[in-house]
Amino acid sequence: MTLQPATPSQQRRQWFQARLEAVMDRLYGRALRLTRHPDDAEDIVAEAVAKAWTRLDELRDPSRFEGWLFHILTTTFISDWRRRRCRPQADLSLDEAQESFCLYERLHQPFLLWWGTTEERFFNGLLKEELARALDGLADDFRLVMVLVEVEGHTYAETAQLLGIPVGTVRSRLSRARGQLQHRLWLQARERGLVETDTPEEGAP
C-alpha cells in the first residue's frame, strides 16, 4: 500500500499542531494566571486556539507564532472578562496603608526598581506559590495591570488599549497594585521568619 503525500491542508494542520503542542503548557499557565480558575483557563485556551486556527492566514511571520498566539489568548480573556463583569470595582476598596507600603521602609536598604537587586534577593526567599497567591489576591482591576505589564511585558499604552482605560489609570493602578502586593509578600515572609519580626507595624511611631 502506497502512502499518499500529505495535502497542503494536512501540512498546515500538522504545522499548527506541532507548534501548539510546544507551547500548550505555558499557554495554559498564562490563562490560569489571568483567570485564577482551572476550568475558566481551559475554556479561554480552547477559545484562543480556535481563533488562532481560523486566523492563521493573518500570521505573516511563522517565527512569531508563539507571541501571536499569546496575544490572542490575552485579548480573548479580556473580551470575556469585560462581558462577565457587572460593574467596575471601586479603587477605594484598597487599604490605604497597603497601597503605600514599600519594601524599602521595611528592609532599610536602597530601593532600586520593582524587580531590582534589593527586592530580587527578597523574593528569592519566597516560594513561587506564595508570590502567585499574593498576586492572585489582588482585585481584578489591579491584578490585570500587574499581569499585563509585569508578567506579559506590555507597555502602558498597550495595556491601556487592551483594557480600554486611559494610560494614566494604568499607571495609577499599577502603582497601587505594587504597594498592595509588596504588603502581602512582606506579611507572608514575616510569617515564615524570613525577616525580622520586631519591625514596627505600619503606622507605628
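Residues numbered from 1 in each chain as written. Predicted model: local features only at pLDDT ≥ 70, side-chain atom pairs only at ≥ 80, totals over all residues. Heavy atoms only, no water.

### Some thoughts on the overall build of the protein
Within the protein, the secondary structure is distributed over 10 helices and zero strands. Helices and strands in the protein line up, N terminus first, as α-α-α-α-α-α-α-α-α-α. Each of the 205 residues in the protein was classed as buried or not, and the buried ones make up 39%. (Helix = DSSP H or I, 4+ residues; strand = E, 2+ residues; numbered from the N terminus. Buried < 20%, exposed > 50% of the residue type's maximum accessible area, 1.4 Å probe, protein only.)

### What about the nonpolar core?
Among the nonpolar cores identified, the biggest contains 42 residues, and Leu27 and Leu163 are the most heavily contacted of them. Listing elements by their share of this core, those giving two or more residues are α1 (8-35), α2 (38-54), α3 (65-84), α7 (128-136), α8 (140-151), α9 (156-163) and α10 (167-191). The element contributing the most residues to this core is α3, with nine residues. When neighbours within four sequence positions are excluded, Leu163 is seen to be in contact with Ile78, Trp81, Arg82, Leu144, Val145 and Leu148. (Core = buried A, V, L, I, M, F, W, Y, C linked by side-chain atoms within 4.5 Å. Contact = heavy atoms within 4.5 Å.)

### Focus on the packing of α8 against α9
Closest axis-to-axis distance for the α8/α9 pair is 10 Å, and the angle between their directions is 135 degrees. Put simply, α8 runs oblique to α9. Where α8 crosses over α9, the handedness of that crossing is right-handed. Across from Leu144, Val145, Leu148 and Val149 in α8, the residues of α9 making contact are Tyr156, Thr159, Leu162 and Leu163. Looking at the contact of α8 with α9 residue by residue, the classes come out as seven nonpolar, one polar and no charged. (Axes fitted to C-alpha atoms, helices over the stretch in contact; angles between N-to-C directions. Parallel < 35°, antiparallel > 145°, perpendicular 65-115°, else oblique. Left-handed = near helix turned anticlockwise from the far one by under 90°. Nonpolar A, V, L, I, M, F, W, Y, C, P; charged D, E, K, R; others polar.)

### Here we look at the environment of Glu158
For Glu158, the position within the fold is in helix α9. Take Glu158: its relative accessible area is 37%, and that puts it in the partly exposed class. Note: C-alpha distance between Glu158 and Leu148 (10 residues apart in sequence) is 8.9 Å.

### Details of the packing of aromatic side chains
A complete count under the given rule lists four aromatic pairs for this structure. Aromatic ring contacts, followed pair by pair, group Trp15, Phe16, Trp53, Phe65 and Trp68 into a single cluster. One Lys or Arg, Arg12, reaches over the ring of Trp53 and ends 5.5 Å from the middle of that ring. (Phe/Tyr/Trp six-rings, centres within 6.5 Å; stacked < 30°, edge-to-face > 60°. Lys NZ or Arg CZ within 6 Å of the ring centre and 35° of its normal.)

### Describing the pattern of salt bridges
A side chain with one charge can pair with a side chain of the opposite charge if their charged atoms come near. Scanning the model with the defined rule gives nine salt bridges in all. For the salt bridge of Arg12 with Asp57, the shortest nitrogen-to-oxygen distance reads 3.0 Å. Of this pair, Arg12 sits in helix α1 while Asp57 sits in the loop between α2 and α3, and the two are 45 residues apart along the sequence. Given a relative accessible area of 53%, Asp57 falls into the exposed group. (Salt bridge = Lys/Arg side-chain N within 4 Å of Asp/Glu carboxyl O.)

### Observations regarding the environment of Ala46
Tracing the backbone shows Ala46 in helix α2. For the pair Ala46 and Leu73, spaced 27 residues apart in sequence, the C-alpha to C-alpha distance is 9.3 Å.

### Some remarks on unusual backbone geometry
When glycine is set aside, most residues are seen to have a negative phi, and most peptide bonds are trans. Of note in the backbone geometry, Arg36 takes a positive phi value of approximately 65 degrees without being a glycine. Of the residues examined, Arg36 reaches a relative accessible area of 34% and is grouped as partly exposed.

### What to know about α9
Count 3.6 residues to each turn of an α-helix, and residues three or four apart come out pointing the same way. By the burial criterion, the buried members of α9 are Thr159, Ala160, Leu162 and Leu163. Angularly, the buried residues of α9 cover 165 degrees about the axis, an arc narrow enough to put them on a single face. Positive backbone phi, approximately 70 degrees, marks Gly164, located one or two places after α9. (Arc of directions from axis to C-beta.)

### Points about the confidence of the model for the protein
In the predicted model, the protein carries a mean pLDDT of 76, and 67% of its residues have values of at least 70. Per-element confidence in the protein ranges from a low mean pLDDT of 42 for helix α5 (residues 103-107) to a high of 94 for α2. Low confidence marks residues 87-116, where pLDDT is under 50. Its contacts with residues over four positions away, or in another chain, come to 65 contacts. Counting interchain partners and residues more than four positions distant, the pLDDT-below-50 stretch residues 199-205 has nine contacts. (pLDDT = per-residue confidence, 0-100.)

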